Amino acid sequence: MSRVPVIALVGNPNAGKSALFNALTGARQKIANYPGVTVERKAGRAALPSGQPIELVDLPGSYSLDAASPDEEVTSQVVMGRFRGEAMPEVLVVVVDAANLEQHLVFAQELIALGRPTVVALNMVDLAERDGLVLDPAALSTALGVPVVPTVAVRKRGLDALLEEIEQAPQQDRTLRHEVAELSLPERRLAAHNMANGAILSETTAYRWHSRLDKVLLNPWAGPIILFALLFVMFQAVFAWADPFITLIEDAIESMIGFVQATMPDGIVQDFLTQGVLTGVGSVVVFLPQIIILFAFILVMEQSGYMARAAFLMDRLMAYVGLSGRSFIPLLSSFACAIPGIMATRAIADPKDRLTTILIAPLMTCSARLPVYAVIIGAFIPSRTVGPGIGLQGLVLFGLYLFGIVGAMAVALVLRRTVTKGAASGFIMEMPRYQVPPLRDLLIGLWQRAYIFLRRAGTIIFMATVILWVLLSFPKAEPGESQVEASIAGRIADGLNVVMEPIGFNHEISLALVPAMAAREVAVSALATTYAIDGDEDAQAAGLTGRLAADWSLPTALAFLAWFVFAPQCLSTIAVTRRETNGWKWPVVMLAYLFGLAYVFAGITYWGAVALGL
Amino acid sequence: MDSQLTLDQIAPGSRAEIISVAWDALAPDEAKRLRALGLDEGARVAVAHRGIFFGSDPMAIILGRTTIAIRRAHARAMQVKHP
Ligand SMILES: Nc1nc2c(ncn2[C@@H]2O[C@H](COP(=O)(O)OP(=O)(O)O)[C@@H](O)[C@H]2O)c(=O)[nH]1
Ligand SMILES: [Mg+2]
């Protein structure tokens, strides 16, 4: 056989398919979309005990072959070998949650009845044990007529035995299976109930502590208070905890600039490295600690099972603007970055709901805005306290976050009555069990996020900064003339400035906005590069914040902040929106409405501030 | 009067058995999802929690070892009796 056999992981949502997939394939994964649908196809290589390579496919979670969503449709088509361009899986690995057998065995029976070579992975046996359940895999295997292998995906336990059974699966004796093909859903449920009971050797009520925890965390009064306290701590931590690490990175960049200046001859190459690469890219990389802290909170909330509770608590509020608690999870992720946020909208079953959530996700203050906000706030908002433990700078930042959230809710309300009009969507969601997040999973998740950020800094942001530096540095200015004014970039900015001047933007801002189309952070690196090229020694010593404070008026600075609350200056967001909505229509709508709002609100802010005499 | 009792009227902490579901009153995909989760005729459930504020929406329903969040509108379509 020349083709690599396909082995499909299939089962209910949250059974641990993805965890098992990760454990079996390690880093050898390929993620793409199934053709024609926005359903993710996750495939990866592994090897059977004999050395035979296999392709593992992690199918979307499903409750039944009778699909209720596009994701489930893909699953059912693939396992039945009807999906065009997908090979019929050689072996089905049915993943079930050991602590939730009664529910998961319903779909498992339906899959086994297909008559394909099948192995059941009895996953999460660690959680079952923790909750006082002792199971008998052999009894379950006899009842189902297929091999059952206990596994703990997150600890990589049971993987060898599972691969062994996958290898043997094509030679399975199908006569052991009972004729269950024509069972109705209630009959299957009854069978699942009996099989689950038959497989349980002993059971204590240790799982009650889940309900105790829920009693507090879902309490109508205490629940929201705890959630908001948690979110408050999260945003505080992003600033308070990151500081020492930011200083560390800043010092490192500083000493690299010093090193280049000391070792290289003066000239164009040295300027390129110091002003372009190190100053530009460095001004973005310093935000890595804050991004990691934000993602650490979000990942812990997700992996501990709390995120679903947060969605429950937020459902009522989201319902006011025509969304559901489901939208809360992608929107919260969007505070770190809109890209994973928009991808997380796949969990929203209702298409209109999903589209609305995608369109408002860029209004959540993502970490790419932090550099912009932090620089402007640092330069213009005095660092004094306005109450016990409340700093003015932090308050302004909080206000900007709030501005984005309120804006998003208002936009959702309008969208739900116009372009995404439709019946109010419901909210149906299974609450996963609580658990302490496995440290390894957490670290892998953090590493993936950090890697994406650094890759962005090394590619998009690097390129944008370098191109800008070139455009800024040539042609060379006559003595006495400003280099920025004389440069190609300066000329381009002159044109844009005609449009931007009425809302209080100056020449440097117009100049920074163009490369910042690639990514918001570039606005900061662009300003840093601009002032580094044009500045004399004294001004360079004052740093970017010093230069801004000296050169910009307060109304201009505030207008700049208001602009960035809305402006969709992120190529990746536009690209991912195009991919997730299958076309250019919605990214264009998103661009138009967000730039429109940015212009209007920056204008209002500027003229308001001028009128107030700020 | 018990025949008029629906799941949304059950107080948190109380149990109920679903005796029939008005599937037609629900969106087809949502009906499918609820059935797939096991919220169907004959299911013995307990109402665990109600959402924040006065709408008491959504509700958390315990079914076997799982907890499922649904909207009140879904619960209203489920006729129940006290077990
Ligand atoms: N303790 C424990 N947690 C697990 C196990 N398998 C998966 N998980 C966790 O359960 C959650 C859901 O797993 P996931 O793989 O995303 O489920 P999927 O929806 O089937 O892909 C994740 O937080 C996993 O870390 C396991 O065997 N033991
Ligand atoms: Mg998964």
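Remember, it's a predicted structure, so these values are computed and weren't measured experimentally. (Residues numbered from 1 in each chain as written. Chains lettered and ligands numbered in written order. Predicted model: local features only at pLDDT ≥ 70, side-chain atom pairs only at ≥ 80, totals over all residues. Heavy atoms only, no water.)

(A) View of the site of ligand 1. Residues and elements named next belong to chain A. Every one of the 17 residues lining ligand 1 counts as a neighbour, but Asn14, Lys17, Ser18, Ala19 and Asp126 are closest to it. The side chain of asparagine 123 places a nitrogen or oxygen atom 3.1 Å from an oxygen atom of ligand 1. One of the backbone nitrogen or oxygen atoms of methionine 124 is found 3.3 Å away from an oxygen atom of ligand 1. Taken by itself ligand 1 offers 580 Å² of open surface, and the protein chains cover 84% of this. When residues of the shell around ligand 1 are traced back to their parent elements, those giving at least two are helix H1 (17-25) and helix H4 (125-130). The element that contributes the greatest number of residues to the shell around ligand 1 is H1, accounting for three residues. A breakdown of the residues in the shell around ligand 1 according to their chemical character gives eight nonpolar, six polar and three charged. (Near = heavy atom within 4 Å. Polar contact = N/O pair within 3.5 Å; in protein donor to acceptor, adjacent residues only side chain to side chain. Areas by Shrake-Rupley, 256 points an atom, 1.4 Å probe, with all protein chains shown as cover. Helix = DSSP H or I, 4+ residues; strand = E, 2+ residues; numbered from the N terminus. Nonpolar A, V, L, I, M, F, W, Y, C, P; charged D, E, K, R; others polar.)

(B) Spatial organisation of the interface of chain A and chain B. Each partner contributes to the interface: chain A provides 36 residues, whereas chain B provides 28 residues. For the pairing of chain A and chain B, the buried interface totals around 3,100 Å² over both sides, and the portion due to carbon and sulfur atoms is 59%. Together, Phe312, Arg316 and Ile428 of chain A form the three largest contributors to the area buried by chain A at its contact with chain B, with a combined 22%. Where chain A meets chain B, there are five salt bridges. Lysine 32 of chain B is the partner of aspartate 66 of chain A in a salt bridge, and the nearest nitrogen-oxygen pair spans 3.2 Å. Elements supplying a minimum of two residues to the side of chain A that touches chain B: helix H7 (185-199), helix H8 (208-217), helix H13 (306-320) and strand S12 (429-431) of chain A. Sort the elements by how many residues they give to the side of chain A that touches chain B and H13 of chain A lands first, with six residues. Here the side of chain A that touches chain B is built from residues that sort into 20 nonpolar, six polar and ten charged. Bridge count for S12 of chain A against strand S4 (residues 66-70) of chain B is three bridges, and the pairing is antiparallel. Counterpart to methionine 429 of chain A in the pairing with S4 of chain B is alanine 69 of chain B. (Contact = heavy atoms within 4.5 Å. Buried area = accessible area lost by both parts, 1.4 Å probe. Salt bridge = Lys/Arg side-chain N within 4 Å of Asp/Glu carboxyl O. Pairing = 2+ DSSP bridges.)

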